[in-house]
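Understanding the architecture of this molecule
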Amino acid sequence: YGRNIEDTFKILFIETMARLSTLFVALVAAIATLSNVMAFVPVNTRSVPASSTELAVNIKIQVGEGEPIESALRRFKREVNKSGHLMDLRHKRYFENSQDRKKRKIVQARNRKRLERMQKRRMQQQRS
């Protein structure tokens, strides 16, 4: 053929680069077309935070004028405990499979019902 190996590689390299540049131009044109249609805009369909460790905590207390910081801190801790965020974080600290989660929920429901029954009895005893 009369060509040496370097010339053959140069020709193959030039042809490959021409093909790649054509593909690149086509890809850029496709992205530009799709971006006009807003195809790459992420849709946030849920209001839950994206991260599993991130919580939407919005707990506020009003501190009265002249109120001791200890009582305000105590009220804040009570509100945090009532919101349940710390319990969620505690349960998300380690992986919990669905069977363990189900067992934990059953135990929590049992304890909650028991507490409600106890409070109901106390209310009835106070009335009588």
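Residues numbered from 1 in each chain as written. Predicted model: local features only at pLDDT ≥ 70, side-chain atom pairs only at ≥ 80, totals over all residues. Heavy atoms only, no water.

**Thoughts on the overall build of the protein**
Definition in use: A run of H or I in DSSP becomes a helix once it reaches four residues, and a run of E becomes a strand once it reaches two; helices and strands are each numbered from the N terminus.
Helix and strand counts for the protein stand at four helices and zero strands. Scanning the protein from its N terminus toward the C terminus, one meets helices and strands in the order α-α-α-α.

**Details of a positive patch on the surface**
Basically, it comes down to this: For patches, a residue must show more than 30% relative accessible area and have no salt bridge; joins then use 9 Å for like charges and 5 Å for nonpolar side chains, namely Val, Leu, Ile, Met, Phe, Trp and Tyr. Using the Shrake-Rupley algorithm and a 1.4 Å probe, accessible areas are obtained, with residue cover drawn only from the displayed protein chains. Here a salt bridge means any side-chain nitrogen of Lys or Arg lying within 4 Å of a carboxyl oxygen belonging to Asp or Glu. Charged residues are defined narrowly, with Lys and Arg counted positive, Asp and Glu counted negative, and His plus the chain ends left uncounted. By convention, charge coordinates are those of NZ in Lys, CZ in Arg, CG in Asp, or CD in Glu.
Judged by side-chain charge, Arg 101, Lys 105, Arg 112, Lys 113, Arg 114, Arg 117 and Arg 121 come together as a positively charged surface patch. Summarising the element assignment, Arg 114 is placed in helix H4 (residues 98-127).

**Comments concerning the pattern of salt bridges**
Stated precisely, the cut-off is as follows: The buried label goes to any residue with under 20% of its type's maximum accessible area, the exposed label to any with over 50%, and the partly exposed label to all in between, with areas taken from a 1.4 Å probe on protein chains only.
Within this structure, the stated rule accounts for three salt bridges. Two residues, Glu 67 and Arg 75, come together in a salt bridge whose shortest N-O distance is 3.2 Å. Judged by relative accessible area, Glu 67 falls into the partly exposed class, the value being 23%. On the basis of relative accessible area, Arg 75 is assigned to the partly exposed category, the value being 27%.

**Let's talk about the side chain of Glu 96**
Put simply, the rule is: It only takes one pair of heavy atoms within 4.5 Å for two residues to be counted as in contact.
Tracing the backbone shows Glu 96 in the loop between helix H3 (85-92) and H4. Ignoring any residue separated from it by four or fewer positions in sequence, one finds Glu 96 in contact with His 91, Arg 101 and Arg 104.

**As for a nonpolar patch on the surface**
Together, Phe 13, Ile 14, Met 17, Leu 20 and Leu 23 make up an exposed nonpolar region whose accessible area comes to about 540 Å². On the secondary structure map, Leu 20 appears in helix H1 (residues 5-36). Judged by relative accessible area, Leu 20 falls into the partly exposed class, the value being 47%.

**Looking at the confidence of the model for the protein**
As a reminder, the rule being used: Each residue carries a pLDDT score, the predictor's own confidence in it, on a scale running from 0 to 100.
Chain-level pLDDT for the protein is 79 on average; 79% of the residues reach the 70-or-more range. Looking at the elements of the protein, mean pLDDT is at its lowest for H1, recorded as 75, and at its highest for H4, recorded as 94.

**So, the environment of Arg 104**
Looking at where Arg 104 falls in the secondary structure, it is placed in helix H4. Here the alpha-carbon distance between Arg 104 and His 91, two residues 13 residues apart in the chain, equals 9.9 Å. Apart from residues lying up to four places away in sequence, Arg 104 is in contact with His 91 and Glu 96.

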